[in-house]
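A closer look at the structure
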Amino acid sequence: MLRARLTFNQLVGRNIEYQDDDKAAVRATGISSAICGNHVMRAGKHWATFISSRHSYLSVGVIRPLPDWDQRGLDEFHPTNPRFWRAMLRERNSRWEGDVHFCHFYAGGNCYYSNWEGPTRRSYWEGVVDYDNRNNRLGMLLDLDSGTLSLYQNGQR
């Protein structure tokens, strides 16, 4: 069962805006942007669709909750940047489980993830060989019950 429609209550960094004042639809207008929701996900399946106007720059990911980070006035933000790690770790609470605090996929197949205490790790996402970089739409399914994060394009995983 899918949960309620996700909304993005925080826009962190520059070059990002709501599309048609819809908090469930955001668009990047350049590089150095991130979106964060106040929706805390603890169980179940959560789906999001990402659409890019630049096929080669399509990148998506998930991150632990970062309350009020939109109030920090950051010009740029990216969870792989070590200068943010200490501040992000201060957001940790007793509900955090596991040792992956963000996971970020790039259309070229790289997947970066970290616990913000050691080096960022890289792997390649399964199915990247079938990725059509002419298609600017990418779906992401986070299944907290099974502990998986899956990418979809054209209905295919």
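As a starting point, this report considers the structure included with it. All values derive from a computational prediction rather than experimental measurement. (Residues numbered from 1 in each chain as written. Predicted model: local features only at pLDDT ≥ 70, side-chain atom pairs only at ≥ 80, totals over all residues. Heavy atoms only, no water.)

Examining the pattern of salt bridges
- The final tally for this structure, using the stated rule, is three salt bridges.
- Among the salt bridges present, the one from arginine 72 reaches glutamate 91, with a minimum N-O distance of 3.6 Å. Here arginine 72 is found in the loop between strand S6 (59-63) and helix H1 (85-89), whereas its partner glutamate 91 is found in the loop between H1 and strand S7 (102-106), with 19 residues between them in sequence.
- Exposure remark for arginine 72: the relative accessible area of 42% places this residue in the partly exposed category.
- For arginine 92, the salt bridge identified is with glutamate 117, shortest N-O distance 3.9 Å. Residue arginine 92 is found in the loop between H1 and S7, and its partner glutamate 117 is found in the loop between strand S8 (110-114) and strand S9 (121-124); the two are separated by 25 residues along the sequence. (Salt bridge = Lys/Arg side-chain N within 4 Å of Asp/Glu carboxyl O. Helix = DSSP H or I, 4+ residues; strand = E, 2+ residues; numbered from the N terminus. Buried < 20%, exposed > 50% of the residue type's maximum accessible area, 1.4 Å probe, protein only.)

Remarks on the sheet that holds S9
- With respect to topology, four strands assemble into an open sheet ordered S6-S7-S8-S9, the strand pairing being antiparallel. A strand with exactly one partner marks an edge of an open sheet, and here the two such strands are S6 and S9. Each strand of the sheet is rotated relative to its neighbour by a mean of 15°, with strand direction disregarded.
- Pairing of S8 with S9, which is carried by four bridges, proceeds in the antiparallel orientation. When the sheet's bridge partners are listed, tyrosine 112 is paired in S9 with arginine 122. (Pairing = 2+ DSSP bridges. Axes fitted to C-alpha atoms, helices over the stretch in contact; angles between N-to-C directions.)

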